[in-house]
Each structure stands twice: as structure tokens, then as C-alpha cells.
Amino acid sequence: MKTGQEYIESLKDLKTEVYFETAKIEPLVGHPLLQPHINAAAVTYDFAHDPLYEDLATTTSHLTGKKINRFTHIHQNKDDLVKKVKLLRLIAQQTGSCFQRCVGFDALNAVYSTTFDMDQKLGTDYHKRLVDYLLYVQENDLMIAGAMTDPKGDRGLGPSEQADPDLFVRIVEKNDKGIIIRGAKAHMTGMVNSHEMLIMPTGAMKDADKDYAVACAIPVDAPGIIHIFGRQTNDKRKFDEMDQGNTKYGIVGGECLTVLEDVFVPWNRVFMCGEYEFAGSLVERFATLHRQNYGGCKAGVSDVVTGATAAIAEYNGAAKASHIKDKLVEMIHLTETLYCCSIACSQEGGKLASGAYYPNALLGNVVKQNVTRYIYEIDRICQDIAGGFIATLPSEKDFNDEKLGGYIKKYFAGKADYPTEHRYRMARLIENMTGGTALVESMHGAGSPQAQRIMLLRSGNLLHKVKLAQKLAGITTDNLVK
Ligand code: SF4
Ligand code: FE
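Reference entry: report on the structure contained in this document. The structure presented is a predicted model; accordingly, all values stated were derived computationally and were not measured.

Once that is clear, we can look at the site of ligand 1. All residues in the neighbourhood of ligand 1 are listed as Cys 98, Phe 99, Gln 100, Cys 102, Val 103, His 290, Asn 293, Tyr 294, Cys 297, Lys 298 and Glu 441. Among the elements of the structure, α5 (102-122) and α7 (279-316) are those that each provide at least two residues to the shell around ligand 1. Of the residues forming the shell around ligand 1, the biggest block, five residues, is contributed by α7. Broken down by class, the residue content of the shell around ligand 1 amounts to six nonpolar, three polar and two charged. Of the domains in this structure, domain 1 (4-278) and domain 2 (281-468) are the two that each give at least three residues to the shell around ligand 1.

What follows is the structure in C-alpha cells.
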């Protein structure tokens, strides 16, 4: 198992092509735009070596019997599902940010069980290839970027109906050595600081979409791949210290657009190639596995936001007011509600045909639906208590300026027991954690709210509920609603 530092060192061997504002970012490690995200991912490695977290952060490989980092594991029981949620909450408490490695973790689990089902039904050998790949990932303790979301173009049209055929990743050639793929993957969390990406289709597909039903693994620096780094709220502040708010770990995951321009994938790394009828279940499994997480990582992030809110109330001299205490209670209640649901969907999980464990899909989707609402409420209360100055604070440069700094320290002071700098730093943390990019991530990360609602309708067993009501209402079985 790699340490955080070994993970960071291993990134230096890659030739990943990342662009920001037209320029290639070189070197990646140490660059202010990327380093916070690298630091956050490194925590997933360091936890495995920390006696305090070892029980959650490591486990035993079901393939080799060796001790491995949990982020490379296939869930073998309900305990694994629960430990995943607990681990994510603890890491998020330390980073206050997305640490990105769960996407690939979930992708490995989704592709593992789906390839098993494919081989059972079709007689293919995808599962064996995936197991070989998993051994490689576990042996080298790799960080995998789960690559699902296609750009999608006209949302009213399917992959093969688009004006531009590349708006979903597709197979453009097959030969005796492998396949060549083209297209792009959007909003790629952790991609630029991963070792490999695991590509999956973005949704259910029809016969006409065969060329788009592709799952495969490739190094993030394979020939033909470029990554265009996304903007975040106040990202230029990463070049400053205090102004960034969360200096070490940044906001969310450092997302990018990954362009795949005729990329070769050898057959031993291809896990789906045209079997469109399995695209839907692969997507559904990945989605549920990732939605399961959000009551873990977002609860951990909310723990930090709640702590920041209590601290700023104290710096402001308002901590004793009863309405402040009540609002803090509300934040705790909402956070624990998110967490409860993640634990529940894990406990209610079950075994798939492959032997891998999988969370309860209905409850997993409730987790994420809750996150699209409760994080906004938690952040709303935080901003309510913090006060408007989180949006009007002068810059760090002015704070430290010989002429201006004195005025800022004097007029932004709160309770005299604390230096203004503490109030300033906490305000910046709150601005960072409750601002634009962080909120959008809670809304759309792991799928937009409507995607969960579709799953809720599908798994909610509405007809069963209708029958319950009809029975109590004394309506005969002849007249059941269909
Ligand atoms: Fe992991 Fe949460 Fe980030 Fe998703 S949003 S990668 S679950 S930390
Ligand atoms: Fe996310």
C-alpha cells in the first residue's frame, strides 16, 4: 500500500496532458491549481497507514488474501458497505473537500458485478479480464478515475441520433489487438491526479447504440488523451493562502473535460464492447454505489461547516443567543439525517450473483436526493449565522498591507478575545465551503436530482402501495389499479 507521499511521487512519472487557460500545466505536482486536490486524494493513502483509521481504510483482498487499501476493494459483505460510508465521513472531516478516489472505487465494483453477469449470459470473458485488472490495481494501489458522464449534446436524442457522433464515447475501430475509442468524458472528478481511468457508458442503450456500449480501462496519460481543467469559484485564490479558505485541500474535486481522440485500448482492458443490453444495469449499479457515499462524505464536510458556524458565531460574539444554538442543532440534525440514510442503504444491501455486495438501490437514491436539499439548508444556516461580511472581506494582500492592514484588522474585529485573523480565516473557509462550486457539486455530483427520482419511481413499488390502500378502502381485487 502506498503512502500519501508515495502516491504523490508516483504522479510525477505520468505524462498527463492537462490544460488551463490555454497553457499546459507542467509539472502537475506542486502546481497551485492542482496541489490541493492532490493533497486531498493523498489522505486516502495516508489513512491506510494510520493506526487510528486502519480498520476502516484497509481490508483483505478477496483475490489474494493480502492487505489492501479499501479504495481498491470489492465489497464482500454488508460490513464492507458500512465501513465505506464511515471511512468517507472521517476523510471528509479532515479534508473539508472531495477526495475523489471513491469514483474509481465505485466504478471497479460496478464493472466487477456487471462483467460477471455478462459472462454468465453471453459466455464472454470480460469478468476474467476485470479480475486481472483489479489485481494490477490492488498490487500497485492505483487511483482510478471513474469515467461515466458523456457530454450528451441534445438531451432529447440518444447516442446514435446526435448531429455529431462523438458526443458519447464510441468505438471507432476494432482490430486484433484491441479497440480505438473517440469522444469525451465531462466533469471528471480526480481525473488529472489519477493513474488510470475506467470508462463506462453513460446510460441505457438500444441496438442502434452498440458502438457506444463500451467499458474499458486506460492510463490517464495514454496517447490521444488531453484534459481541459475546469474553473471553480475563486480558483485564482489558490495562488494565495488565506483567501483560498481551505488552503490545503481546496473546493470539491478539481474537475476536467477529458478528450479521447482515437485512443487505443488493448483487448485485455476492454470490459464491454457492444453489449448494449448491459449498459443500463452498469450505470444503475455505479450510480447507486456512488449515491450511497454522499451521506458519508457530505456529512463529513457538513461536520466542518457546522464547526465553522459555531466558531464564527463565537468570534462574532453571538454564540450564546438561543436562536443560534437552535440553528446549530438544525445543522446537526440535517447532517445526521444524511448519514443515517447512507448507513441504512448499506445495512439493507445484499449480495449480487458475482458475490459482490451492493447497497439497497431505493435507499441509496434517497441519500443523494436528500443531499440535493439538505446541503443547501445546512449552508444557508451557516451563511445566516456567519453574516454578510463573508462576501465583502478585502483580500489577503490588503489584510497584510502596511497601510491598509491596520484598518482591516481594526474594523473587521469581532469579540476582543480573538484576533481578527481568526475571524477572517473562518469567514474565508465558510465562503469557500458554502459557495457556488461546492453547492453545484451537491446538486449534480453522482447524478442530477431527476436521475434519482426516476430510480425512486422505478424502485418505489407504487403498485404495491396502491394495493395496500385499496385493501383498506374495501375495494375488491377485480377493480385493482393496473
Ligand atoms: Fe468521494 Fe464524495 Fe468526492 Fe464523490 S463527492 S468522489 S463520494 S468525496
Ligand atoms: Fe462527487
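Strand order in the open sheet formed by six strands is β2-β1-β10-β11-β7-β6, with mixed pairing between adjacent strands. Looking at strand neighbours, the two that pair on one side only are β2 (23-24) and β6 (170-174), the edges of this open sheet. In terms of strand pairing, strand β1 (residues 18-20) meets strand β10 (residues 225-229) through two bridges, oriented parallel. Within the sheet, the bridge partner assigned to Tyr 19 lies in β10 and is Ile 228.

Quick look at the coordination of the iron ion (ligand 2) now. Bound to the iron ion (ligand 2) on the protein side are Tyr 294 (OH) and Glu 441 (OE), at distances that span 2.1 Å. Here the residue Tyr 294 occupies a position in helix α7, and Glu 441 occupies one in helix α13 (residues 436-444), the gap between them amounting to 147 residues. The two residues Tyr 294 and Glu 441 agree in class, both being buried.

The final tally for this structure, using the stated rule, is nine aromatic pairs. Measuring from ring centre to ring centre gives 3.8 Å for Phe 47 and Tyr 53, while their planes differ by 5 degrees; the resulting arrangement is stacked. Taken as a pair, Phe 47 and Tyr 53 share a single burial class, namely buried. Put simply, the rings of Tyr 133, Tyr 136 and Phe 271 pair up and form one aromatic cluster.

The terminal C-alpha atoms of helix α2 (residues 35-46) lie 16 Å apart, and with 12 residues this matches the ideal 16 Å at 1.5 Å per residue to within 8%. Of all the 12 residues making up α2, 11 are buried; the element is thus mostly covered by neighbouring parts of the structure. Structurally, α2 contributes buried residues whose contacts are with α1 (4-11), β4 (67-69), α4 (78-95) and β10.

This brings us to the pattern of salt bridges. Evaluation of the coordinates by the stated rule reveals 32 salt bridges. Between Glu 241 and Arg 425 there is a salt bridge whose closest N-O contact spans 3.1 Å. Of the two residues, Glu 241 is situated in the loop between β10 and β11 (256-266) and Arg 425 in helix α12 (residues 420-433); the sequence distance between them amounts to 184 residues. For the salt bridge of Glu 441 with Lys 298, the shortest nitrogen-to-oxygen distance reads 2.7 Å. Placement of the pair is Glu 441 in helix α13 and Lys 298 in helix α7, with a sequence separation of 143 residues. Lys 298 matches Glu 441 in its accessibility class, with the two residues each being buried. Ionic contacts of the salt-bridge type, sharing partners, join the residues Glu 21, Arg 231, Asp 235 and Lys 236 into one network.

Below, the discussion takes up the pairing of β11. Strand direction decides the pairing type here: strand β7 (residues 178-185) and β11, joined by seven bridges, are antiparallel. Considered in β11, the bridge of Ile 181 is made with Val 263. Relative to β11, β10 runs antiparallel, the two sharing five bridges. Bridge pairing in β11 places Ile 228 opposite Leu 257.

With that settled, the discussion passes to the side chain of Arg 70. Residue placement: Arg 70 occurs in the loop between β4 and α4. By relative accessible area, Arg 70 is classed as buried at 1%. Discounting chain neighbours no more than four positions away, the residues touching Arg 70 are Asp 55, Leu 56, Ala 57, Thr 58, Thr 59, Asp 80, Lys 83, Lys 84, Leu 87 and Phe 105.

With that settled, consider the nonpolar core. Soluble, globular proteins show a tendency: their nonpolar side chains are buried together. Formed by 73 residues in total, the largest nonpolar core has its most connected members in Tyr 7, Ile 181, Met 197, Ile 199, Ile 218 and Leu 260. The biggest single contributor to this core is α5, with seven residues. When residues of this core are sorted by domain, at least three fall in each of domain 1 (4-278) and domain 2 (281-468). Once residues within four sequence positions are removed from consideration, Tyr 7 is found in contact with Lys 2, Ile 38, Ala 41, Ala 42, Tyr 45, Met 143, Asn 193 and His 195. If you look at the next biggest cluster of nonpolar residues, it comprises 55 residues, including Ala 40, Tyr 424, Leu 429 and Ile 430.

So, on to the packing of helix α8 (residues 322-347) against helix α9 (residues 361-386). Relative to each other, α8 and α9 sit at 165 degrees, their axes nearing to 9 Å. Taken as axis vectors, α8 and α9 run roughly antiparallel relative to one another. Viewed along their axes, α8 and α9 form a crossing whose handedness is left-handed. In terms of residue class, the contact of α8 with α9 is made up of 17 nonpolar, five polar and four charged.

Conventions we followed
Residues numbered from 1 in each chain as written. Chains lettered and ligands numbered in written order. Predicted model: local features only at pLDDT ≥ 70, side-chain atom pairs only at ≥ 80, totals over all residues. Heavy atoms only, no water. Near = heavy atom within 4 Å. Helix = DSSP H or I, 4+ residues; strand = E, 2+ residues; numbered from the N terminus. Nonpolar A, V, L, I, M, F, W, Y, C, P; charged D, E, K, R; others polar. Domains from an automatic or database assignment. Pairing = 2+ DSSP bridges. Donors = N, O, S within 2.8 Å, 3.2 Å for Na, K, Ca; no water. Buried < 20%, exposed > 50% of the residue type's maximum accessible area, 1.4 Å probe, protein only. Phe/Tyr/Trp six-rings, centres within 6.5 Å; stacked < 30°, edge-to-face > 60°. Expected span 1.5 Å × (residues − 1). Contact = heavy atoms within 4.5 Å. Salt bridge = Lys/Arg side-chain N within 4 Å of Asp/Glu carboxyl O. Core = buried A, V, L, I, M, F, W, Y, C linked by side-chain atoms within 4.5 Å. Axes fitted to C-alpha atoms, helices over the stretch in contact; angles between N-to-C directions. Parallel < 35°, antiparallel > 145°, perpendicular 65-115°, else oblique. Left-handed = near helix turned anticlockwise from the far one by under 90°.

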